[in-house]
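# Descriptive structure summary
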Amino acid sequence: MTKQEAQDKIAALSATLREHNYNYYVLSAPTISDYDFDMMLEDLQKLEAEFPEFAADDSPTKRVGGEVTKNFETIKHKYPMLSLSNSYSREDISDFETRIKKLVEADLEYVCELKYDGVAIGITYRNGKLFRALTRGDGVQGDDITANVRTIRSIPLSLKGSDYPEEFEIRGEIFFPRDVFKRLNEEREDIGEELYANARNTASGTLKMQDSKVVSERKLDSYLYFVLGEDLPFRTHLESLQKAGEWGFKVPREENKFIKKCANIDEIFEFINYWDKERYNLNFEIDGVVIKVNNYALQEEIGFTAKSPKWAIAYKFKAEQVKTRLNEITYQVGRTGAITPVANLQPVLLAGTTVKRASLHNADQIAKLDIREGDTVMVEKGGEIIPKIVGVEVTQRDMFSQPTQYITHCPECGTELVRKEGEAQHYCPNEWGCPPQIKGKMQHFISRKAMNIDGLGEETIDLLYANSLIQNIADLYELTFDQLFALDTFKEKKSQNIIDGLEASKQVPFERVLFALGIRYVGETVAKKLARQFKNIDALMHASFDELIATDEIGDKIAESILAFFSVESNVELVNRLRGNGLQFALSEEQLANSSTKLEGLTFVVSGVFSLFSRDELKHLIEQNGGKVSSSISKKTSYIVAGENMGPSKLAKANDLGVAIIDEHKFSEMIA
Ligand code: IVH
């Protein structure tokens, strides 16, 4: 293929993929299968790898992230990010109208839209390309989270059409769709991590993550609802959203009733009442409705207070609350031994679902609200997935009722519970003898992202454990066909499948075995870094605290947890038994061949534009050769690999700190 042909092909593929992206993520109306999309994307990836000079910054392949931001830069908003005043009743809305009518004499037309319960974002576009995305911050200045926002598929990197202003800002909310958030929690449950309680807070935390690749995997979504700029060509708010939709943004549309023109308070309340009920059927959370004056000229006339526009108001839904009887408090023991008290309720209908249980969080929460068995309690469903108890109807309390005595011993194994200083949760310390903890470890071990053992699922683990066939993960590899076949419901095929699955798992690479061991805080990524750094289990087992924290992304907490794990003799025995069983406890020849230590101990900052490599390739090469990539220059920086157009402030800083600057040719020599 000639260069010209490659360039044309890349342009054509990019345009097609962009259109499919838009159909899928913005319109939710895909016209090709996921498979066909993936194939096309792969074609583009290959071409771009071969001809990196034609890989554009806004290529559809760039959605997967990879850029790492160590410190988010704080930047002043061009237009302050205001908030809205709240209202809770028809009277409040009527007051809002009265206030406006004192300021302008005109027939008012309102627009009602959903109030998305997400994280506010302001995104600037220049010449049709995503330029910068800022968080609200304090309203005056926010954090630059552009790298992370670029991974959100419903936010265009470049705009459709050509009639957009040269520069403008668009604002909206970023959030987790309900099903995505649910899946995220299921995955966390899988690997024994604590669940996220609240979708909005998790979205906010995700947007501030350093590694945009992780953000990309989280699959956040957006709705945008406000266009700002100089001399915008719109007469009304609705018109602006209509246009923004044409440019490729995900905006509320009249077709799906997310937005509606209203002439009076009756119509406004029709919208409010409709969504107060319907909101439970949406795949994202809303916490109210926003009412805006549609006409731009009138908006301007009505004006602002210091904090919010006077032409708009938020109507907040009441968090639905019901009263019910608390029948019993029970206690759950998690994989890590954490104890969670659970309120077992008289079943009651709340926010569209029947609620039977509510989380009581911890001992302090129970004491603070003085919650007792037999009480009539108020249950609320806010942003949280699990409903919570917000109060007790003390007047309805039985006169003989006694304050709740929190358990002192594990309900599963009887061991005395501990509570570490500063932690709210009680723990069962019997890590290796408490059934849910033992089973949890084995379930994690066999899970898809760990050993992924064919034929074995959670139920089988429960059954094998109940039949005393396994006590720990090493026992799995000593199971025999006859033992399995002797179990009820275990036919020949099923038994053989498990034996085969276990045999096949002996080829699972070291990093996944390491992850499968279930060392606290050693997730998939950390396991990978550790495997690459230490290369085999012996080196890791004997690593000192300092050696551990010298590893990329390994901090004090993880290092301590690793040391604690290997200081327990039974853990070392377990590893040795697994090793005896033939599991991989070292990098393979191939993995070793593909990595070098030429850059070990060196930290690089990559800046500018290059001709031999793309920036991502450079970063990858640094890591593959044992070096570290950082995004900001500091005393710890060993080299700056500088291309063309390296920023002047970076250059000054490098000179200031006396950091060596090398070009890509010199870099090539270092790894040759
Ligand atoms: S308009 C100057 N529209 O709620 C007016 N805001 O509590 C800017 N929000 O600051 C806001 N959905 O972060 C507007 N459809 C919507 C909204 C919305 C959610 C957020 C936004 C705002 C906050 C006010």
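Residues numbered from 1 in each chain as written. Predicted model: local features only at pLDDT ≥ 70, side-chain atom pairs only at ≥ 80, totals over all residues. Heavy atoms only, no water.

### Describing the overall build of the protein
Scanning the protein from N- to C-terminus turns up 26 helices and 20 strands. Here the C-alpha atoms of the protein give a radius of gyration of 29 Å, agreeing with the 26 Å that 2.2 N^0.38 yields for 672 residues. On the principal axes, the C-alpha backbone points of the protein span a range of 85 × 85 × 55 Å. Per-residue burial over the protein gives 46% buried out of 672 residues. The contacts of the protein with a sequence gap of at least 6 include a subset with a gap of at least 24, amounting to 67%. As displayed, the protein offers around 34100 Å² of accessible surface, 48% of which is attributable to carbon and sulfur atoms. Counting 83 positive and 105 negative side-chain charges, the protein places the averaged centre of each group 3 Å from the other. (Helix = DSSP H or I, 4+ residues; strand = E, 2+ residues; numbered from the N terminus. Rg over C-alpha atoms; globule rule 2.2 N^0.38 Å. Buried < 20%, exposed > 50% of the residue type's maximum accessible area, 1.4 Å probe, protein only. Contact = heavy atoms within 4.5 Å. Areas by Shrake-Rupley, 256 points an atom, 1.4 Å probe, with all protein chains shown as cover. Lys, Arg positive; Asp, Glu negative; His and termini not counted. Charge placed at Lys NZ, Arg CZ, Asp CG, Glu CD.)

### Here's the deal with the site of the ligand
Glu-113, Leu-114, Arg-136, Glu-173 and Lys-292 are the nearest of the 15 residues found near the ligand. Between the ligand and the protein, one listed contact pairs an oxygen atom with a side-chain N or O atom of Arg-136 at 2.8 Å. Here a nitrogen atom of the ligand and a side-chain polar atom of Tyr-225 are 3.3 Å apart. Top contributing element to the shell around the ligand by residue count: strand E3 (residues 110–116), with four residues. Of the residues that constitute the shell around the ligand, the class distribution is nine nonpolar, one polar and five charged. (Near = heavy atom within 4 Å. Polar contact = N/O pair within 3.5 Å; in protein donor to acceptor, adjacent residues only side chain to side chain. Nonpolar A, V, L, I, M, F, W, Y, C, P; charged D, E, K, R; others polar.)

### Some points on the nonpolar core
Within the largest apolar cluster, 53 residues are counted, with the highest numbers of intra-cluster contacts made by Phe-445, Leu-476 and Leu-530. When neighbours within four sequence positions are excluded, Leu-476 is seen to be in contact with Phe-445, Ile-446, Leu-456, Ile-461, Ile-470 and Leu-502. (Core = buried A, V, L, I, M, F, W, Y, C linked by side-chain atoms within 4.5 Å.)

### Considerations on the packing of aromatic side chains
The full count for this structure, using the stated rule, is 32 aromatic pairs. Geometrically, the ring pair formed by Tyr-116 and Tyr-223 is stacked, given 5.0 Å between the ring centres and 15° between the ring planes. Pair noted here: Tyr-116 is in strand E3 and Tyr-223 is in strand E8 (residues 221–228), with a separation of 107 residues, a long-range link. The exposure classification of Tyr-116 matches that of Tyr-223, with both residues buried. Ring geometry for Tyr-315 and Phe-317: centres 6.4 Å apart, planes at 75°, overall edge-to-face. On the basis of relative accessible area, Tyr-315 is assigned to the buried category, the value being 8%. Given a relative accessible area of 10%, Phe-317 falls into the buried group. Taken together through their ring pairs, the aromatic side chains of Tyr-116, Phe-175, Tyr-223, Tyr-225, Phe-258, Tyr-274, Trp-275 and Phe-284 make up a single cluster. In this structure, Arg-126 is placed above the aromatic ring of Phe-131, and the distance from its NZ or CZ to the ring centre is 3.8 Å. Just above the ring of Tyr-521 sits the side chain of Lys-557; from NZ or CZ to the centre is 4.3 Å. (Phe/Tyr/Trp six-rings, centres within 6.5 Å; stacked < 30°, edge-to-face > 60°. Lys NZ or Arg CZ within 6 Å of the ring centre and 35° of its normal.)

### Considerations on the pattern of salt bridges
By the definition in use, this model includes 35 salt bridges. Two residues, Lys-3 and Glu-53, come together in a salt bridge whose shortest N-O distance is 2.6 Å. One end of the pair, Lys-3, is in helix H1 (residues 3–26); the other, Glu-53, is in the loop between helix H2 (34–50) and strand E1 (74–76), with 50 residues separating them in the sequence. Owing to a relative accessible area of 43%, Glu-53 belongs among the partly exposed residues under this scheme. Put simply, Asp-370, Arg-372, Asp-375 and Arg-397 are held in one network by salt bridges that share partners. (Salt bridge = Lys/Arg side-chain N within 4 Å of Asp/Glu carboxyl O.)

### Side note on the environment of Asp-364
With respect to the element layout, Asp-364 can be found in helix H11 (residues 363–369). Along the primary structure Asp-364 and Tyr-406 are separated by 42 residues, whereas in three dimensions their C-alpha atoms are 9.6 Å apart.

### So, the sheet that holds strand E4 (residues 119–126)
Strand-to-strand pairing in sheets goes through backbone hydrogen bonds, with the strands running parallel or antiparallel. Pairing within the open sheet is antiparallel, and its four strands lie in the order E5-E4-E7-E8. Where the open sheet ends on each side, the last strands, each with one partner, are strand E5 (129–135) and E8. For this sheet, the mean angle separating the axes of adjacent strands, direction not counted, is 30°. As judged from the eight bridges shared by E4 and strand E7 (residues 167–175), these two strands associate in the antiparallel manner. When the sheet's bridge partners are listed, Ala-120 is paired in E7 with Glu-173. (Pairing = 2+ DSSP bridges. Axes fitted to C-alpha atoms, helices over the stretch in contact; angles between N-to-C directions.)

### Topic: the state of the cysteines
This structure, assessed with the given rule, holds zero disulfides. Distance from the sulfur of Cys-262, which forms no disulfide, to the nearest cysteine sulfur (Cys-112) is 3.8 Å. Cys-428 provides the cysteine sulfur closest to Cys-413, a residue in no disulfide bond, and the two sulfurs are 3.6 Å apart. (Disulfide = S-S within 2.5 Å.)

### Re helix H16 (residues 492–504)
Between its first and last C-alpha atoms H16 spans 18 Å; for 13 residues at 1.5 Å apiece the expected length is 18 Å, and the two agree. Buried residues of H16: Ser-495, Ile-498, Gly-501 and Leu-502, and no others. Looking down the long axis of H16, one finds its buried residues gathered within 125° of arc, a one-sided arrangement. Seen from the open side of H16, the exposed residues pointing more than 90 degrees away from its buried face are Glu-492 and Lys-493. For H16, the secondary structure elements touched by its buried residues are helix H13 (458–466), helix H14 (473–476) and helix H15 (481–485). (Expected span 1.5 Å × (residues − 1). Arc of directions from axis to C-beta.)

### Some remarks on the sheet that holds strand E2 (residues 86–87)
The strand order across the open sheet formed by five strands is E2-E11-E10-E3-E9, and the pairing between neighbours is mixed. What marks the edges here is a single partner per strand, and that holds for E2 and strand E9 (259–262). Both E3 and E9 contribute to a ladder of four bridges, which runs antiparallel. Within E9, the residue paired with Cys-112 across the bridge is Lys-260. Sitting on the sheet, helix H3 (residues 90–103) is in contact with E2, E3, strand E10 (286–293) and strand E11 (312–316), with an inclination near 175° to E11. Together, E3, E9 and E10 form the strand contacts of helix H8 (residues 237–246), whose direction differs from that of E3 by roughly 55°.

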